[in-house]
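The chain contents come next:
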Amino acid sequence: MEAESEPYVRLATMRQLHQAVADLNTARSLADTLQSVADGIVGGLGYELGCVNLVRPDGDLVVAAFAGNSAAESLITGRVGSRESWERRLSMGEAWDELRFIPHTEGWVLLDDDVPQWHTEGPEPRFEDEWHPLDRLYAPMYASGGGLDLLGVISVDRPCNGRRPGAWGREALQMYASQAAIAIGNARLRANMQRALVRLEREQQALRASEESFRQAFEYAPSGMAIAEMGGDQHGRLLRTNDALCRLLGRPASVLRRSSFADLVHPEDIGTLLRTSAEGGRAELRLGRRDGTYLWVSLRNSVVADTTDGPRFLLTHVEDIEERKRNELNLAHRASHDALTGLPNSAELRSRLGSRLCERPHSVASSAIEALDAAYGDVESPAHGYRADGYEGEVAPGIGPYDHHVHSVAPDPDRDDGTKGLAVLFCDLDGFKSINDRFGHHAGDAVLIEVARRLTTCVRDGDTVARLGGDEFVVLADGLGAADAADLAVRLRNAIIPPIRVDGRAVRVGASFGIGWAECGMTEEEVLHSADQRMYVEKRSRSKVHRRAG
């Protein structure tokens, strides 16, 4: 009778196993899948207790699900057993194919290890195949794809018939463990995919929010903003501009998108722009407005990559610094020019004079060829920094190289050999003190302003008229011979002596001039002192009345 009923038992077990496996595949999450595995052990395979131990990332196993006893479930769920203890268990007892059975006669040594345990109570077995309360049966679950990558362990306790499972029961438990491993792997894959999708959606939301924040910051920025291409044939072409930049330059966005900053920059600033656009940075330059004027701006470039390997762009911030530049120029002008007359002051005069002098030892050329050598450097002499071929040569100790420097020499006052030099005309007004004393400093200031104007109108554009202080002026005139400098002094004196009207009255001042020459090897002070001394010689050679009359 038992033999005849065995196929029916197997069929019923198969149906229960099939339903349990089906329940595994309908679970919606990893936690639901694990609980379904535990429930299937009790409801589908006929064990009183079922436990699912899952391998953690650190290798230890945690009790992830429990079924059959609510008290046991609350006690051991979530507890962890070490990987070492589990490997010990899976190497003991009897191997039933992939299952591992540890009879109570061997399992007593496991009572004190760290694996969470729960045993059903019951009487001692009377038969050899009867289940003992301390018997243990484990079904390892391995990851799909073959190999021995342990995914977890199913532990069962006390079959409902009270006997150790036979061949069919063992095969059913092993099949169930295999299907449970697949279901858990799929649940993990779905969970990972869901987390990845959630993460991707959050990243996309963050990207959209970032793009929107950038768009608003770009469009509504109070200062000019632009995005330009970087590299290639269209390097520097404007791709996008904001309203502030359009207002700043007086050009619509449609026009700006057809141009680049190179089309807008002042010709003198193109080099600065190219250096700044190469790899980002900051520069101050002038950009052209629609009305033809130029505006000082500060450009800050940042190199931005569109993607990891995508094209790069220049994000340019354009700030109007016209007022600051105007103030800087005004401050620089005030620092280098006389506040009363607007002429270069003493410091500026010395700076301009010093730019024409070098430390070359003083020497006077004795011939026209020597004069050229003195002016441009002897191309055969190793004492100069650059040879005729343009490469650097030996330089004598204590003498710097004279790259592109034209040496200043003094013409010979006794003979006209065609030598031209930088004339320094030192002017001191005659009779100015009496005007200050009689009519006050206001009248004296008016006289100084008019004298400065008259001197400026009598010189060439490249010449310098400077005020040293008080009633002393200096004129720098390059390219003059000795006779030319004397003629210039006469013209300047004749321009000064006509009456000057101050507060309805006419006043007159004279002028004494001393002519000196800037010559390499001299200092600025030596040049000015030489011209000053010659001025006093000229002043003493004329009578007081004649000096006042001019």
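Look up: the structure comes first, before these words.
Residues numbered from 1 in each chain as written. Predicted model: local features only at pLDDT ≥ 70, side-chain atom pairs only at ≥ 80, totals over all residues. Heavy atoms only, no water.

**Q** How do you make sense of a nonpolar patch on the surface when you look at a structure like this?
**A** On the surface, W108, V109 and L111 cluster together to form a nonpolar patch covering roughly 290 Å² of accessible area. Under the relative-accessibility criterion, V109 is labelled partly exposed at 30%. (Patch = residues over 30% accessible without salt bridge, like charges linked within 9 Å, V, L, I, M, F, W, Y side chains within 5 Å. Areas by Shrake-Rupley, 256 points an atom, 1.4 Å probe, with all protein chains shown as cover. Salt bridge = Lys/Arg side-chain N within 4 Å of Asp/Glu carboxyl O. Buried < 20%, exposed > 50% of the residue type's maximum accessible area, 1.4 Å probe, protein only.)

**Q** What is the right way to look at the sheet that holds strand β10 (residues 281-288) in this model?
**A** Two orientations exist for strands paired in a sheet by backbone hydrogen bonds: parallel and antiparallel. If you walk across this open sheet you meet the five strands as β9-β8-β12-β11-β10, and the pairing is antiparallel. Both edges of this open sheet fall to β9 (238-241) and β10, since each of them pairs with a single strand only. Here the strands of the sheet are splayed against their neighbours by 30 degrees on average, with no regard to which way each runs. Here nine bridges tie strand β11 (residues 294-305) to strand β12 (residues 312-320), and the two strands are oriented antiparallel to one another. Directly across from R300, in β12, lies its bridge partner H317. (Pairing = 2+ DSSP bridges. Helix = DSSP H or I, 4+ residues; strand = E, 2+ residues; numbered from the N terminus. Axes fitted to C-alpha atoms, helices over the stretch in contact; angles between N-to-C directions.)

**Q** Please explain the environment of G250 as it appears in this structure.
**A** Mapped onto the elements, G250 comes out in the loop between α7 (243-249) and α8 (253-256). With relative accessibility at 28%, the residue G250 sits in the partly exposed group. Setting aside chain neighbours within four positions, we find G250 in contact with R289 and R290. (Contact = heavy atoms within 4.5 Å.)

**Q** Help me understand the packing of helix α14 (residues 432-439) against helix α15 (residues 441-457), please; the structure alone is not making it clear to me.
**A** Helix-helix packing is characterised by the crossing angle of the two axes and by the distance between the axes. As a packed pair, α14 and α15 sit with axes 6 Å apart at the nearest point and diverge in direction by 145 degrees. Taking contact as the criterion, the partners of F432, I435, N436 and F439 in α14 are, on α15, H441, A443, G444, V447 and L448.

**Q** I would appreciate a short explanation of the pattern of salt bridges in the present structure.
**A** Scanning the entire structure with this criterion turns up 31 salt bridges. Residue K325 pairs with E284 through a salt bridge whose shortest N-O separation is 3.3 Å. In this pair, K325 sits in helix α11 (residues 322-336) while E284 sits in strand β10, placing the two residues 41 residues apart along the sequence. Using a relative accessible area of 30% as the deciding quantity, one classes E284 as partly exposed.

**Q** Teacher, can you tell me more about the sheet that holds strand β13 (residues 421-430) here?
**A** Here we have four strands laid out as an open sheet, ordered β14-β15-β13-β18, and antiparallel in their pairing. The open sheet has two edge strands, β14 (464-469) and β18 (510-518), and neither has a second partner. Taken over all neighbouring pairs, the strand axes of this sheet differ in orientation by 25 degrees on average, direction set aside. As paired elements, β13 and strand β15 (residues 472-480) share seven bridges and run antiparallel to each other. Within the sheet, the bridge partner assigned to D428 lies in β15 and is E472. The strands touched by α15 are β13, β14, β15 and β18; relative to β15, the strand with the most contacts, the crossing angle is about 5 degrees. Here helix α17 (residues 524-540) sits on the sheet and contacts β13, β15 and β18; the angle it forms with β18, its principal contact strand, is near 140 degrees.

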